[in-house]
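# Close look at the chain arrangement
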Amino acid sequence: MQIKDNCSIFEISSADTVRFRRIVIDVMSEACQLSSDDDEYGGIGTLGEKQMHAAIKRFICPDETKHEVLIDGSVGCKKLTDEEENDKKTKKRRFVADILDGNTIYEIQTGSFSPLRDKIQWILDNTTYNITVIHPIAETKWVSLINTKTGNVENRKKSHIKGKITDIASELYFFRDFISSPRFSLVILMMEAEQYKKNIQKDGRKRPRYKKYELIPISLLRAYIFTGASDYSIFIPDDLQEPFCVKNYSAKSGIRGIDAYSIVKTLCHLGLLEPAGTLGRATTYRRVNN
């Protein structure tokens, strides 16, 4: 899969699908060998990563010598001014890249984008590296319950909730300050995945309680690639009549509550939307025609 292609959406090839499945099998086998019965199992990688993270990392870059590389301000960094050289905060910043391949850093983020914000900003401000964030979304999810007493997997069923590209809408707000940078790109991998949940029923409780244990990939479906501000226009519904308020946007996009406000602010920051006045007490917006 060439994730540097300048396109918004493309299908995963059959060869990539087969390769990804082999990687998942290898990762799961290693996980079983490391900790088959350990309730405190925290992951299989050097930093305690989960199987989803490990599989994607190996898929993007099979060469493990390029994994977990320290970005310490020496190689690939911009030349500092005398003032910056004397800045202790600048000199002490250290980050570990999930993948460093050539002049590009790849970060696999399976959760919220918030923890990556400072790291990415520092890399863009202080190095010459390009950076790509890769985030998986389970479009199709199978839910399996693990009985902690027997160790058996029970009640496997298909979730009625489908993952969508709009699931990351509110997360983009954390990247608003650099999302339009020519050195930043975002890749969303849509996939089929298995969600395992553990029974954590306590003594005295009649109804069982479950907590999410691990989300394991099954297969890749397609990818969304964002390399510039215009690519994010995918979050603006075609049938959205102007001017519109956040309530109108929410009704058309299906993005609810505070998430709708966050993505509208991000789209304004990207120069795709702009304020168009008010309607009562609500601010209205319109598309920016470039």
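Preceding block: the structure.
Here is a short report on the structure shown in this document. Bear in mind that the values here come from a model prediction, so they are computed numbers and not experimental data.

## Regarding the nonpolar core
- Grouped together as the largest cluster of nonpolar side chains are 44 residues, with contacts concentrated most on Phe184, Leu186, Tyr232, Phe235, Tyr249 and Leu267.
- Elements represented by at least two residues in this core include exactly strand S3 (95-101), helix H5 (117-126), strand S5 (130-146), strand S7 (184-199), strand S8 (210-226), helix H6 (246-253) and helix H7 (257-269).
- Discounting chain neighbours no more than four positions away, the residues touching Phe235 are Ile165, Thr166, Ile168, Ala169, Leu172, Phe226, Tyr249, Ile263 and Leu267.
- Of all hydrophobic cores here, the second largest spans 27 residues; its members include Ala55, Ile108, Met191 and Ile225.

## A look at the environment of Asp125
- By secondary structure assignment, the location of Asp125 is in helix H5.
- Classification of Asp125 as partly exposed rests on a relative accessible area of 45%.
- Through-space distance from the C-alpha of Asp125 to that of Phe178 is 10.0 Å; in sequence the pair is 53 residues apart.

## Some thoughts on the environment of Gly228
- Note that Gly228 resides in the loop between S8 and H6.
- In this structure the C-alpha to C-alpha distance between Gly228 and Leu270, which are 42 residues apart in sequence, comes to 9.3 Å.

## Focus: the pattern of salt bridges
- Using the criterion set out here, one finds 12 salt bridges in the structure.
- In this structure, Arg19 and Asp16 form a salt bridge, with 4.0 Å as the shortest nitrogen-oxygen distance. Residue Arg19 and its partner Asp16 are located together in helix H1 (residues 14-34), separated by 3 residues, close to a single helical turn.
- Close ionic contact of Glu64 with Arg58 constitutes a salt bridge, the shortest N to O distance being 3.7 Å.
- When its relative accessible area of 18% is taken as the criterion, Arg58 is described as buried.
- Overlapping salt bridges, with partners in common, bring together Glu30, Arg58 and Glu64 in one network.

## Considering the packing of aromatic side chains
- Scanning the model with the defined rule gives 10 aromatic pairs in all.
- Measuring from ring centre to ring centre gives 5.5 Å for Phe175 and Phe184, while their planes differ by 75°; the resulting arrangement is edge-to-face. Take Phe175 and Phe184: they sit in the same class, and that class is buried.
- Chaining the aromatic ring pairs together yields one cluster made of Phe113, Phe175, Phe178 and Phe184.

Scoring rules and cut-offs
Residues numbered from 1 in each chain as written. Predicted model: local features only at pLDDT ≥ 70, side-chain atom pairs only at ≥ 80, totals over all residues. Heavy atoms only, no water. Core = buried A, V, L, I, M, F, W, Y, C linked by side-chain atoms within 4.5 Å. Buried < 20%, exposed > 50% of the residue type's maximum accessible area, 1.4 Å probe, protein only. Helix = DSSP H or I, 4+ residues; strand = E, 2+ residues; numbered from the N terminus. Contact = heavy atoms within 4.5 Å. Salt bridge = Lys/Arg side-chain N within 4 Å of Asp/Glu carboxyl O. Phe/Tyr/Trp six-rings, centres within 6.5 Å; stacked < 30°, edge-to-face > 60°.

Everything listed here is a matter of geometry and, on its own, says nothing about what the molecule does.
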